Amino acid sequence: MNSSKKLLYSLDFPNRAQHLVSVELRVATQRSSELTLWMPVWTPGSYLIREYSRHVEGFEVRNEANKPLPWKKSAKNRWTLTTDGASSVVVRYQLYGREKSVRTNWIDSDYALINSASTFLTVEGRENSPHAVQVNLPETWKTVTCALPSHDGIFEAEDLDALIDSPLVMGNPEIIEFDVDDKPVVLLNQGGGSLWNG
């Protein structure tokens, strides 16, 4: 992936008992004086307007020298930041996740289900650029599963659409693998084998 165009996210779970995930986005400014970041208000297969941005907490932007950069909330799901000549910026925020559905996030001490539309801010005009996600697992969690290809522990999507179509599950699920019509299928059984016979 072209590193000057790639949006690189990392996920951390220092406060998972409080149902929080920490998100960091590193992106090159490409000499732009301003960047606008936005979060979807929809999820594939669920095209009602959603208010995912209401779960964003502690939003901050810094340059490569860790100096704070100015930003403003320019719409309910948009943030506009001034780069002040920085070659790259780091955006950090936390998300609250305590709703089990196909469109929202669930985070607790045992596992996390991260849906990309309700998690990742992207840069306006860079939706077709590569997006990549690194997950920093807590010590007690052993696996992270995602349909995206992974290289050196980083899940890589060719663009925003591919990222949004690829939820992430992390924790210690029972993993059941088999083929259907020569296609691999992976079932994750969170909560142990007593829930159902995989």
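Residues numbered from 1 in each chain as written. Predicted model: local features only at pLDDT ≥ 70, side-chain atom pairs only at ≥ 80, totals over all residues. Heavy atoms only, no water.

Details of the overall build of the chain
The helix and strand inventory of the chain stands at one helix and 17 strands. A globule of 198 residues ought to have a C-alpha radius of gyration of about 16 Å, and the chain, at 17 Å, matches this closely. For the C-alpha atoms alone, the extent of the chain along its principal axes is close to 55 × 35 × 35 Å. Within the chain, buried positions represent 46% of all 198 residues. Nonlocal contacts in the chain, meaning residues at least 24 apart in sequence, comprise 64% of its contacts between residues at least 6 apart. Split by element, the accessible area of the chain, about 10,300 Å² in all, is 48% carbon and sulfur. Within the chain, one finds 20 positive and 25 negative side-chain charges whose respective centroids are separated by 8 Å. (Helix = DSSP H or I, 4+ residues; strand = E, 2+ residues; numbered from the N terminus. Rg over C-alpha atoms; globule rule 2.2 N^0.38 Å. Buried < 20%, exposed > 50% of the residue type's maximum accessible area, 1.4 Å probe, protein only. Contact = heavy atoms within 4.5 Å. Areas by Shrake-Rupley, 256 points an atom, 1.4 Å probe, with all protein chains shown as cover. Lys, Arg positive; Asp, Glu negative; His and termini not counted. Charge placed at Lys NZ, Arg CZ, Asp CG, Glu CD.)

A look at the side chain of S53
Examined against the element boundaries, S53 turns out to sit in the loop between β3 (34–38) and β4 (56–63). The buried category is assigned to S53, whose relative accessible area is 10%. Polar contacts involving the side chain of S53 include one to the main-chain carbonyl oxygen of K76, which spans 2.6 Å. Residue contacts for S53: discarding those within four places in its chain leaves M39, K76, N77 and W79. (Polar contact = N/O pair within 3.5 Å; in protein donor to acceptor, adjacent residues only side chain to side chain.)

Section: the sheet that holds strand β12 (residues 143–146)
One open sheet accounts for four strands, arranged β8-β9-β15-β12; its pairing is antiparallel. Of all strands in the sheet, those with a lone pairing partner are β8 (106–107) and β12, marking the two edges. By the bridge criterion, two bridges tie β8 to strand β9 (residues 112–114) in an arrangement that is antiparallel. The residue bridging I107 from the neighbouring strand is A112, located in β9. (Pairing = 2+ DSSP bridges.)

Some thoughts on the environment of A75
By the secondary structure assignment, A75 is in strand β5 (residues 71–75). The partly exposed category is assigned to A75, whose relative accessible area is 30%. Once the C-alpha coordinates of A75 and W38 are considered, the two residues, 37 residues apart in sequence, prove to be 8.9 Å apart.

That's the geometry; what it means functionally is another story.
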